[in-house]
Structure formats: structure tokens, C-alpha cells
Amino acid sequence: MTNSVPGRWVEGAGLVLGPPLLLAGVLTRIGEDDFFPGQLAAYAAHPGRMVLSYSLYAAGVVLLWPGVTALARLIGSSWGQWGLALVVLGLFGRVFHAGVSHLAFQLVDALGLEEAQRVVAGTYGAFHVFKAANVGIMGGWIVLAVGAYRARVLGLVRCVALGLAAGLPLGVLKGSSDPISLVALAGLAVALVPLGLSVLKEGPAPRWWAVGLAVAFVPVAFLLGLTG
């Protein structure tokens, strides 16, 4: 895995950080209604908390792609290849949902809560090409879990935990803080975080300047985005 793309450190970081960020995002909005009228009302009442919640969740979704790339490579068979393709397709869909949710929150600021709820209700079922990603969101984790079990990459318990991620709700403005969602995210953490630690320990530690550049990249990129 040393010569893999995107590389051991990116893959390991994705495995270690992705599931906890997803779980933190959901826990930050726990107690709110899981459907869009309640999510918009929660934003109107607590905008900072809801922005933090959805931001953590979106960051976790993005960080999962290098992690599942590493898992698929370890599986090595067509199960890993198909599982990776489906899961990454599903992650694209979740990023799209996050963008639409962000826009819906801005409608609350621009139009007020009631009007924003009316607009979202009237457009919620609109067609978009990422509807095709729903299959990947629901089925990709199961394919990866079966592949990981067949290849003996993960034990039975962790493979079952990985497959539980298929139960995570999908769509725009889904609170995902119900018990099923929490179990699914906990399963994802149980399956992937220990694997990420193993990946990070496989080779030599990075040079100090590489660590400094990586740490500095995030705030610099964020500031450039704000000014761009």
C-alpha cells in the first residue's frame, strides 16, 4: 500500500476521521425532527449549531472516499471493485444532497422560515441525475462488507458492522439522528477506524515538513475559499 494512490496517509486519515466526523455531525443535531420542515425550523432557531452539524457530516462524507479505496484494494477482487464503485457513487450523491441542504438553509435567511418550508416542499421531489446514486448509497456498503469477509480483510463482526452503513437515511435535509442512523454510523466506525490505524502504522512516519504542510493546507485553503 506504500505506493498506492492517493497514498497511505490520505487513505488512513480517511478511514480514521471519516466515520467519527459523520457521527459527530449527527450527534450535533440530535433531538431535532429528522425531516425537512423540522430541519429548517432547527436552523432558524440554532443556525450555528446546524451549520456545524451539516459541515461535519459533509466533511466525513468526503473523507470516506480514500478510506474505501484502501479497503477495496485490500479486498482485491471484483467484490472490492464493484463495492468501491457503488460506495463512491453514493458518496457523490450525499455531497450533492449536502449542497442542496446548504441552499435550503440560505432560503431561511433570505425568505423566512415559513416561505422556505413552502419552497422546499414544492420542489422536494424534483428530478436530478444523482437519484441514480441512491442504489450506491444503499447497496455499496453491503457489497464491500461481503467482499471484505470473503477476502478475510475484516472479521465477521466488523463486516456486519460495515454492512449496517446501508441503513443510513439518504436525501436532502435528513436529520439522520434516529437510533437506526446512530447504529449505522457506529458500525461504520467499528469497521473502518481500526483498519485506518493499521494502514497508518504500516510504513515509516512522514517527514516533519510534510506534516506541517498538511496541517497548514486546511486553514489556508479555507481562507482562500472565503476570499475567492
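Above: the structure in question.
1. Considerations on the packing of helix α3 (residues 47–75) against helix α8 (residues 179–201)
Piece 1. Close contact between α3 and α8 brings their axes to 11 Å; oriented N to C, the two are set at 75 degrees. Taken together, the axis directions place α3 and α8 in an arrangement best described as roughly perpendicular. Contacts between α3 and α8 involve Leu64, Leu71 and Leu74 on the former and, on the latter, Leu188, Leu192 and Leu195.
Piece 2. In terms of residue class, the contact of α3 with α8 is made up of six nonpolar, no polar and no charged.

2. Comments concerning the pattern of salt bridges
Piece 1. Per the counting criterion, the structure on display carries three salt bridges.
Piece 2. Salt-bridge contacts for Glu11 lead to Arg73; the nearest nitrogen and oxygen are separated by 2.8 Å. In this pair, Glu11 sits in helix α1 (residues 8–28) while Arg73 sits in helix α3, placing the two residues 62 residues apart along the sequence.
Piece 3. With a shortest N-O distance of 2.5 Å, Arg49 and Glu32 are connected by a salt bridge. Of this pair, Arg49 sits in helix α3 while Glu32 sits in the loop between α1 and α2 (36–45), and the two are 17 residues apart along the sequence.

3. A closer look at the packing of helix α6 (residues 134–150) against helix α7 (residues 156–163)
In a pair of packed helices, the angle between the axes and the distance between the axes together describe the arrangement.
Piece 1. Remark: α6 packs on α7, axes separated minimally by 8 Å, with the N-to-C direction vectors making an angle of 170 degrees. The orientation of α6 relative to α7 falls into the category roughly antiparallel. Side by side, α6 and α7 meet where Trp141, Ile142, Leu144, Ala145, Ala148 and Tyr149 of the first sit next to Leu156, Cys159, Leu162 and Gly163 of the second.
Piece 2. For the contact of α6 with α7, a count of residues per class yields nine nonpolar, one polar and no charged.

4. A word on a nonpolar patch on the surface
Piece 1. A surface patch of nonpolar side chains, amounting to about 440 Å² of accessible area, comprises Tyr149, Leu156, Val160, Leu164 and Val183.
Piece 2. Counting through the fold element by element, Tyr149 comes out in helix α6.
Piece 3. Using a relative accessible area of 37% as the deciding quantity, one classes Tyr149 as partly exposed.

5. Focus on unusual backbone geometry
Piece 1. Of note in the backbone geometry, Arg152 takes a positive phi value of approximately 60 degrees without being a glycine.
Piece 2. Overall, Arg152 belongs to the exposed group, its relative accessible area being 59%.
Piece 3. You will see that Leu173, though not glycine, has its phi angle at about 55 degrees, which is positive.
Piece 4. Position of Leu173 relative to the elements: it lies in the loop between α7 and α8.

Conventions adopted
Residues numbered from 1 in each chain as written. Predicted model: local features only at pLDDT ≥ 70, side-chain atom pairs only at ≥ 80, totals over all residues. Heavy atoms only, no water. Axes fitted to C-alpha atoms, helices over the stretch in contact; angles between N-to-C directions. Helix = DSSP H or I, 4+ residues; strand = E, 2+ residues; numbered from the N terminus. Parallel < 35°, antiparallel > 145°, perpendicular 65-115°, else oblique. Contact = heavy atoms within 4.5 Å. Nonpolar A, V, L, I, M, F, W, Y, C, P; charged D, E, K, R; others polar. Salt bridge = Lys/Arg side-chain N within 4 Å of Asp/Glu carboxyl O. Patch = residues over 30% accessible without salt bridge, like charges linked within 9 Å, V, L, I, M, F, W, Y side chains within 5 Å. Areas by Shrake-Rupley, 256 points an atom, 1.4 Å probe, with all protein chains shown as cover. Buried < 20%, exposed > 50% of the residue type's maximum accessible area, 1.4 Å probe, protein only.

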